[in-house]
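This is what each chain is made of:
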Amino acid sequence: MSSSAGDPSVIIGLLDGPVDARHPGFAEGALAPPQSPPPDSRSARHGTAVAGVLAAMRNGDAPGICPDCRVFVRPIFAQYGPATSRPRDLADGVEECVAAGARIINISAGFEHGGFPVEVLGHALDLAAQRGVIVVVAAGNQGRVSGSSLVSHPHVVPVTSCDGAGRPLPNGNLCASAGRRGVRAPGVAVETLAPGGGVLRLSGTSLSTVLVTGALALAWSVAPAAPAALLLRALSGPPSARRRIVPPLLNAVTLVRAASSTVPEPWP
C-alpha cells in the first residue's frame, strides 16, 4: 500500500451484494454506479464489506487497499438471501464488468446451478480471459476438498483463507485448481465498512479474495501497461511447482515489484 493508493485507470468489477455508497468511509468517486441498499440487508452487509476493503479512505477507521482505483459494482445476490448466485447471473455480471472496462473482476460468491447450463458461465469467463481481465474467485467456506465449475475454470484465480500465521483455515475449501492456480490470503477478522456507517470485522474466503484483488489492483496501478500474464505468474509462481491442494501464500510485495520491473526507466 505504500507503493500506491491505486490508479483511476484500473477498474475493478465487483460481483457481490449491493454497496452502501452513502457510507462516509468510502473514498470520493471510488464507486460506480452508486448503490443505496437498506442498511439491514444481508447482501448489502456482504457487498459493503467487500467493497470497503478496496475503496475505503486511507485515513479512515478501516483503510482501503486501493481507494484511487474505480470499483464497478454489479450486484448479483438476492437482497436477503445467501451469498450464492446462478451461472446465468454470474455470466451476465462478468460480461457487464468486461464491457465497463474492468481489468480485474472479484467474485466473493458461492455457486449454485439453479437450472441454467454451466456453459454460459464458462463462455463469459473465456471472454474475460481473451480481453486480458483477471478473475479472482472465492474457494468457499464449507471446509471441503472439492471445486465447482467456477473455481475449476482454467482462467480464474481461486483464493482460500489462512490465519495470521499463514495456516489454512479449517473451513476454507481446498482443491486441485486452487493448488495449481490459486493463492491463500488472510481471512480472519478483517476490518472493513458496515452498511449504515461504522466498521465491522468479517472472516472467510470472501475477505481473502478481495485482499488478493486489491494487491493485483495496486500492482497494475504501479505499471498499468503490465500484461495480465506477468501478474498471474508473479501471483502464483511457476505452474511446474504446483502439485498440492493448498495454494501458496499471497506475496503482495513480490507482485508489486514484478509489475514495477516492467516500468521503463526515465530518459536521462
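Since the model is a prediction, treat every value here as computed from it, not as a measurement.

A. A look at the overall build of the protein chain. When its secondary structure is counted, the protein chain shows seven helices and eleven strands. Carbon together with sulfur atoms contributes 55% to the accessible area of the protein chain, which is approximately 11400 Å² in total.

B. How the structure looks around the pattern of salt bridges. Scanning the model with the defined rule gives five salt bridges in all. The closest approach of N and O atoms between Asp20 and Arg22, which form a salt bridge, is 2.9 Å. For Glu191, the salt bridge goes to Arg201, with nearest N and O atoms at 3.2 Å. Highlighted residues: Glu191 in strand β10 (residues 190-193) and Arg201 in strand β11 (residues 199-202), separated in sequence by ten residues.

C. Seen up close, the environment of Pro18. Inspection of the secondary structure puts Pro18 in the loop between β1 (11-16) and β2 (31-32). Separated by 27 residues in sequence, Pro18 and Arg45 place their C-alpha atoms 8.3 Å apart.

D. Representation of the environment of Val73 within the structure. Here Val73 is to be found in strand β3 (residues 70-75). The sequence separation of Val73 and Pro18 amounts to 55 residues, and the corresponding C-alpha distance is 7.3 Å.

E. Region of interest: the packing of aromatic side chains. On inspection of all chains with the given rule, the structure shows zero aromatic pairs. The ring of Trp220 has Arg103 sitting right over it, with the charged end atom 4.3 Å from the ring centre.

F. Local environment of the packing of helix α5 (residues 205-222) against helix α7 (residues 252-260). Two elements in contact, α5 and α7, have axes separated by 8 Å at closest approach and are oriented at 25 degrees. What the angle tells us is that α5 and α7 run roughly parallel. In this structure, α5 crosses over α7, and the sense of that crossing is right-handed. Across the interface between the two elements, Ala215, Leu216, Leu218, Ala219 and Val222 from α5 touch Ala252, Leu255, Val256, Ala259 and Ser260 from α7. Class assignment for the residues of the contact of α5 with α7 results in nine nonpolar, one polar and no charged.

G. Main features of unusual backbone geometry. Residue Pro33 is bonded to the preceding Ala32 through a cis peptide linkage, with omega at -15 degrees. Within the secondary structure, Pro33 sits in the loop between β2 and α1 (42-55). A positive phi angle, near 50 degrees, is found at Ala189, a position not held by glycine. The residue Ala189 is located in the loop between β9 (183-186) and β10 in this model.

H. Region of the structure containing the side chain of Ser236. Within the element layout of this structure, Ser236 appears in helix α6 (residues 228-236). Accessibility expressed as a relative area gives 15% for Ser236, which makes it buried. Polar contacts involving the side chain of Ser236 include one to the main-chain carbonyl oxygen of Leu232, which spans 3.0 Å.

I. How the structure looks around the pairing of β11. Here β11 shows a clear split, with Leu200 and Leu202 buried on one side and none of Val199 and Arg201 buried on the other. Bridge count for β10 against β11 is four bridges, and the pairing is antiparallel. What sits directly across from Leu193, in β11, is Val199. Turn length for the β10-β11 hairpin, with the two strands adjacent in sequence and antiparallel, is five residues, and the turn residue Gly196 shows positive phi of about 90 degrees.

Thresholds applied
- Residues numbered from 1 in each chain as written.
- Predicted model: local features only at pLDDT ≥ 70, side-chain atom pairs only at ≥ 80, totals over all residues.
- Heavy atoms only, no water.
- Helix = DSSP H or I, 4+ residues; strand = E, 2+ residues; numbered from the N terminus.
- Areas by Shrake-Rupley, 256 points an atom, 1.4 Å probe, with all protein chains shown as cover.
- Salt bridge = Lys/Arg side-chain N within 4 Å of Asp/Glu carboxyl O.
- Phe/Tyr/Trp six-rings, centres within 6.5 Å; stacked < 30°, edge-to-face > 60°.
- Lys NZ or Arg CZ within 6 Å of the ring centre and 35° of its normal.
- Axes fitted to C-alpha atoms, helices over the stretch in contact; angles between N-to-C directions.
- Parallel < 35°, antiparallel > 145°, perpendicular 65-115°, else oblique.
- Left-handed = near helix turned anticlockwise from the far one by under 90°.
- Contact = heavy atoms within 4.5 Å.
- Nonpolar A, V, L, I, M, F, W, Y, C, P; charged D, E, K, R; others polar.
- Buried < 20%, exposed > 50% of the residue type's maximum accessible area, 1.4 Å probe, protein only.
- Polar contact = N/O pair within 3.5 Å; in protein donor to acceptor, adjacent residues only side chain to side chain.
- Pairing = 2+ DSSP bridges.

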